[in-house]
Amino acid sequence: MSTGPDDLVLYAPEEMAAADRLAATLMPSFTLMRNAGRAVARAALQLGPQRTLVLCGPGGNGGDGYVAATLLAQQGWPVEVAALAEPRPGSDAAQARAGWHGPIRGFDPERAAAADLVIDAVYGAGLSRPVEGLVAETLSRARRVLAVDVPSGIDGATGAVRGMAPVAELTVTFFRAKPGHWLLPGREHLGRLVVADIGMPEQVLRDVAPRCWENRPGLWHLRVLTVHDHKYSRGVVSICGGGNMTGAARLAAGGARGAGAGLVRLAAEHGADLYRTGAPGLIVDEAPLEELLADERRKVWVCGPGLAGDEVEASLPALLRGGRQVIADAGALTGSAGDPGRLRGAAVLTPHAGEFARLFGGPGDDRLGAARCAAAEVGAVVLLKGSDSIIAAPDGRAAINANAPPWLGTAGAGDVLSGVIAALLAGGMAPFEATCAGVWLHGEAANIAGEGLLAEDLLRCLPLAARRARGSALASAGAVS
Ligand SMILES: NC(=O)C1=CN([C@@H]2O[C@H](COP(=O)(O)OP(=O)(O)OC[C@H]3O[C@@H](n4cnc5c(N)ncnc54)[C@H](OP(=O)(O)O)[C@@H]3O)[C@@H](O)[C@H]2O)[C@@H](O)CC1
Ligand SMILES: Nc1ncnc2c1ncn2[C@@H]1O[C@H](COP(=O)(O)OP(=O)(O)O)[C@@H](O)[C@H]1O
Ligand SMILES: [K+]
């Protein structure tokens, strides 16, 4: 079975709560809690027997903790339980609590510090305010943490730390991951993430269908070339070249070529000679833009890398008027600061955090929400770049990317990326899928190149990244966690 969007979908906390409510109409809800607690106990058992303190909150997260504590004690583990408050009478958590027959202590930072392992079952999806006071003090003293669902304090929707959150060695979540598992800073608090199957009915995937995914092959598919392909069918990419910062456009052109565009042309009405000394497979045009736009095959354009304000003014409006699919990056974004409406008609915007703030304000703690709003406002796919890049479509779909290594943060890397996305768009992918695939290929190329990469190194690594994408899209669905 291949990995598909259903395997990669991310449930925000309120969507998970809706899933739980629906599941409760189809099966006994306590079965899910029992399975969740069992998955936590199984994960703990793999860490080896040790003095364990289970910290239980008042809700479902605490319920999972009581189930896990009971199962670990049955295995002969030295387990203690500390509770913050009694679960609501009649709740599943109260039923789980009733299964624990040992003593229940209060929260105590010293006790947490003395335990070899702390199971953090304080707050999960129901986090409603910052974690502070005794809970924060107790969690912060733990030496080794296994987190249930999320480390308490991580907002499952945004990945933000609310108050404090421990850094876990292992996090066990259930059914599907949440956006906050992949967004920063949340991702840094998880340790290893295990997504446990707790027997959620299949119907839930159909009836509660979130519009957010982890960005991986399987969410999209790279096209496979056939004997009928030729350079025009593989896609034509045009890049606006500036007269001064010429490296940026050349890197974008290299990205487009490395990602499989059949033909890449660089438009440089002024300064064409500078570009002619570059890669021999790159075609340099010095005719005026209006003339180039007469060629209907030139549908996809990258506008922005290395362009000064006047160069953007001379190209972007004409491209948008001409109905071209425009990837607006760098100078094209800076030129529209405070007035994102000027970018309406573009296919994809690729701001980093600074460019995003200048265009739309914010983005604040909820970067996923901000990217979605921006995409809806401009009617374009918005790629908010960073180490957890977010791709948002105007129709509300969004994806979170997590494969990019920190050494990708180097000048020129973004220019390469705009070319990669352009190539995929020119090859026939829709803007959202092309952007998701481009971001993943870019991150994977950086992993292949290794630490110390220069933006240029990405170009030679893109073909292998594409082969990996084709390979892992066929990998088994079991590899989601
Ligand atoms: N499908 C699945 O994934 C399944 C998930 N399951 C598990 O259920 C968990 C979700 O359960 P849940 O909704 O009861 O939420 P959870 O966080 O345990 O508690 C909320 C309580 O805590 C309180 N509270 C919150 N923050 C606070 C703060 N900072 N400081 C003080 N109080 C705070 C809050 O108070 P209130 O806001 O109501 O005043 C409320 O009383 C989920 O994470 C997973 O572990 C499985 O069992 C079954 C299948
Ligand atoms: N710490 C990081 N981890 C992973 N990827 C990063 C990190 N910092 C930056 N990146 C990625 O590097 C690229 C930098 O792009 P950008 O800021 O536009 O640079 P430039 O304009 O110099 O090309 C983006 O794709 C971004 O997602
Ligand atoms: K937790």
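Note that the structure is predicted; figures quoted are calculated from it, not measured. (Residues numbered from 1 in each chain as written. Chains lettered and ligands numbered in written order. Predicted model: local features only at pLDDT ≥ 70, side-chain atom pairs only at ≥ 80, totals over all residues.)

Enquirer: Help me out: how do you make sense of the packing of helix α3 (residues 29-47) against helix α4 (residues 60-74) in this one?
Expert: Geometrically, a packed helix pair is captured by the angle between its two axes and the distance between the axes. Put simply, α3 and α4 touch, their axes get as near as 8 Å, and they point 55° apart. Classified by the angle between their axes, α3 and α4 sit oblique to one another. Pair α3 / α4 crosses with right-handed handedness. Facing M33, R34, A36, G37, R38, V40, A41 and A44 of α3, the residues of α4 in contact are G60, G63, D64, V67, A68, L71 and L72. (Axes fitted to C-alpha atoms, helices over the stretch in contact; angles between N-to-C directions. Helix = DSSP H or I, 4+ residues; strand = E, 2+ residues; numbered from the N terminus. Parallel < 35°, antiparallel > 145°, perpendicular 65-115°, else oblique. Left-handed = near helix turned anticlockwise from the far one by under 90°. Contact = placed C-beta atoms within 7 Å.)

Enquirer: Just checking my understanding: could you explain helix α17 (residues 367-378) for this structure?
Expert: Residues spaced three or four apart along an α-helix point in a common direction, a consequence of the helix completing one turn every 3.6 residues. If you check α17, its first and last C-alpha atoms are 16 Å apart, about what 12 residues at 1.5 Å a residue would give, namely 16 Å. The complete set of buried residues in α17 reads R367, L368, A370, A371, R372, A374, A375 and V378. Taken together, the buried residues of α17 touch α8 (179-182), β14 (348-349), α16 (353-360), β15 (381-384), β16 (390-392) and β17 (398-400). Where α17 ends, the next residue or the one after it, G379, has phi of about 75°, a positive value. (Expected span 1.5 Å × (residues − 1). Buried ≥ 20, exposed ≤ 12 C-beta atoms within 10 Å, placed from the backbone.)

Enquirer: Mind showing me how you'd approach α3 here?
Expert: When the terminal C-alpha atoms of α3 are compared, their 28 Å separation across 19 residues agrees well with the 27 Å that a helix rising 1.5 Å per residue should span. Residues of α3 that are buried include every one of L32, M33, R34, A36, G37, A39, V40, A41 and A44, and no others. Residue G48 follows α3 closely and has a positive phi angle near 95°.

Enquirer: Help me out: how do you make sense of the pairing of strand β2 (residues 79-83) in this one?
Expert: The two faces of a sheet get side chains in turn, since along a regular strand they alternate between them. Counting buried positions along β2 gives four out of five residues, so the element sits mostly inside the fold. Pairing geometry for strand β1 (residues 52-56) and β2, over five bridges, is parallel. Within the sheet, the bridge partner assigned to L53 lies in β2 and is E80. Taken together, β1, α4 and β2 constitute a β-α-β crossover, and its handedness is right-handed. Here β2 pairs with strand β3 (residues 104-105) via two bridges, running parallel. (Pairing = 2+ DSSP bridges. Right-handed = clockwise from strand over helix to strand, strands pointing away.)

Enquirer: When you look at the UniProt feature "binding site: AMP" (unreviewed entry) in the protein in this model, what are you seeing that I'm missing?
Expert: Those residues carrying the UniProt feature "binding site: AMP" (unreviewed entry) are K385, G386, S387, D388, S389 and G414 in this numbering. Across 30 residues, the annotated set stays spatially compact, with a maximum C-alpha separation of 14.0 Å. On the secondary structure map, G386 appears in the loop between β15 and β16. Overall, the presence of 17 C-beta atoms within 10 Å leaves G386 in the partly exposed class. Residues in contact with G386, not counting those within four places in the same chain, are H352 and A353. (UniProt positions renumbered as here; feature names shortened; annotations may be inferred.)

Enquirer: Is there a simple way to think about the domain arrangement of the protein in this case?
Expert: A common way to report how large an interface is uses the accessible area buried once the components associate. Here the domain parsing of the protein yields domain 1 (8-210) and domain 2 (231-480). Between domain 1 and domain 2, the contact holds nine residues from the first and nine residues from the second. Each residue belonging to the side of domain 1 that touches domain 2 can be placed in one class, and the counts come to seven nonpolar, one polar and one charged. (Domains from an automatic or database assignment. Nonpolar A, V, L, I, M, F, W, Y, C, P; charged D, E, K, R; others polar.)

Enquirer: What should I look at first to understand the site of ligand 2 in this one?
Expert: With respect to spatial proximity, 18 residues lie near ligand 2, and among them K385, S387, A404, G409 and G414 are the closest. With four residues, the single largest contributor to the shell around ligand 2 is helix α18 (residues 413-426). (Near = placed C-beta within 6 Å.)

Enquirer: Is there a simple way to think about the confidence of the model for the protein in this case?
Expert: Where the model shows low pLDDT, its predicted coordinates should not be examined in detail. Counting all residues, the mean pLDDT for the protein is 95, and 98% of those residues have values of 70 or more. Predicted confidence for residues 476-481 stays below pLDDT 50, and this span has 13 contacts to residues more than four positions away or in other chains. The ipTM assigned to the predicted complex is 0.96, against a pTM of 0.96. (pLDDT = per-residue confidence, 0-100.)

Enquirer: Looking at this structure, I do not really get the UniProt feature "domain: YjeF N-terminal" (unreviewed entry) in the protein. What am I missing?
Expert: UniProt's entry tags residues 16-206 with the feature "domain: YjeF N-terminal" (unreviewed entry), counted in the numbering of this structure. As annotated, residues 16-206 comprises 39% helix and 16% strand, and the C-alpha atoms at either end are separated by 13 Å.

Enquirer: What is the right way to read the site of ligand 1 from this model?
Expert: What surrounds ligand 1 is a group of 28 residues, the closest being G59, G60, N61, G124 and G126. Counting residues per element, the ones that place at least two in the shell around ligand 1 are α2 (13-26), α3 and α4. Residues that form the shell around ligand 1 fall into these classes: 15 nonpolar, nine polar and four charged.

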